[in-house]
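Here are the chains, one letter per residue:
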Amino acid sequence: MLSKALLSLTVLAASVTAAVPPTKRATCSGGQTTANEACCVWFDVLDDIQENLFSGGDCGDEAHESLRLIFHDAIAFSPALTSTGQFGGGGADGSIMAHTDVEIQNPANNGLDEIIEAQRPFALKHNVSFGDFIQFAGAVGVANCNGGPQIQFFAGRSNDSQPAPPGLVPQPTDSVTDILNRVGDAGFSAVELVWMLVSHTVAAQETVDPSIPGAPFDSTPKDFDAQFFVESMLNGTLTPGNGLQSGEALSPYPGEFRLQSDALIGR
């Protein structure tokens, strides 16, 4: 149903575009041109975060955590809750940055406070909404990784938000059934969940086992590739850190961390 609606909107947009004469493009202060002057600020944001957040365009910890932040902000959206008359969350509305003191209490968001506080000054400096900035920074960060996708970005979110309800972000200790139900409530199929897990190819754990922060989920953490899926199917034989933790499964390689949920979904 959603794909049909998007297709209809795309066709409508294409027909309207074809019927409207081309307008003059805006020239930004840096010399870039864009169809909408409101987009000029994002050229400045791009230059700033590439240099000062992502260390010159590196696929490092800040890029990995920025991609994680996209999901944790956006998945906090539940039509099931809304249908009962409760607040179901605003999705990708920046609430995790606007209401960090509340949402960081959710165990699934453990460790995100560092990237939130690293990003916040840039959003304030450039006067863009938290929701827009989180999505933009994540898209830029993942593109810094070898083979990383070029993710389309849309701006225009407001800074009006409420704290997301607890329990909407899946945890590595959750069962496969619970995870599928949660993402299904948000509109994703089981196949789409697996597609989203490709983000773990450039991800790492920080707090499941605090003794080894930054332990990657596959052997090529700077490459956006399929290695994560290959290695998720290997038999686990060891723990890279301080014994087997809650939410952890045995790993196939020294130094590589395997989430319990990834191991179960892969099987």
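Just so we're clear, the structure is a prediction, and the values are computed from it rather than from any experiment.

Conventions adopted
Residues numbered from 1 in each chain as written. Predicted model: local features only at pLDDT ≥ 70, side-chain atom pairs only at ≥ 80, totals over all residues. Heavy atoms only, no water. Helix = DSSP H or I, 4+ residues; strand = E, 2+ residues; numbered from the N terminus. Rg over C-alpha atoms; globule rule 2.2 N^0.38 Å. Buried < 20%, exposed > 50% of the residue type's maximum accessible area, 1.4 Å probe, protein only. Disulfide = S-S within 2.5 Å.

Student: Before we move on, could you go through the overall build of the protein and cite the residues and values that matter?
Tutor: The secondary structure content of the protein amounts to 12 helices and six strands. On C-alpha atoms alone, the protein measures out to a radius of gyration of 20 Å, which is about the 18 Å that the 2.2 N^0.38 rule sets for 267 residues. Dimensions along the principal axes, computed over C-alpha positions, put the protein at roughly 65 × 45 × 35 Å. Buried positions account for 40% of the 267 residues belonging to the protein.

Student: Which residues make up the state of the cysteines, and what values go with them?
Tutor: Note on terminology: disulfide describes a covalent bond linking the sulfur atoms of two cysteines. Here the structure, examined in full by the defined rule, presents two disulfides. A disulfide bridge connects Cys28 with Cys40, and the sulfur atoms are separated by 2.0 Å. Looking along the S-S bond of the Cys28-Cys40 disulfide, the torsion reads about -80 degrees, which is the left-handed sense. Placement of the pair is Cys28 in the loop between β1 (26–27) and β2 (33–34) and Cys40 in helix α2 (residues 40–52), with a sequence separation of 12 residues. Among the residues examined, Cys40 registers a relative accessible area of 13% and is labelled buried. Here Cys59 pairs with Cys145 through a disulfide, and the sulfurs are 2.0 Å apart. Taking the sign of the S-S torsion, 75 degrees for the link of Cys59 and Cys145, the bridge is right-handed. With Cys59 in the loop between α2 and α3 (61–74) and Cys145 in the loop between α8 (130–143) and α9 (176–185), this pair connects stretches of sequence that are 86 residues apart. Take Cys59: its relative accessible area is 4%, and that puts it in the buried class. With a relative accessible area of 4%, Cys145 lands in the buried category.

By themselves these figures say nothing about function.
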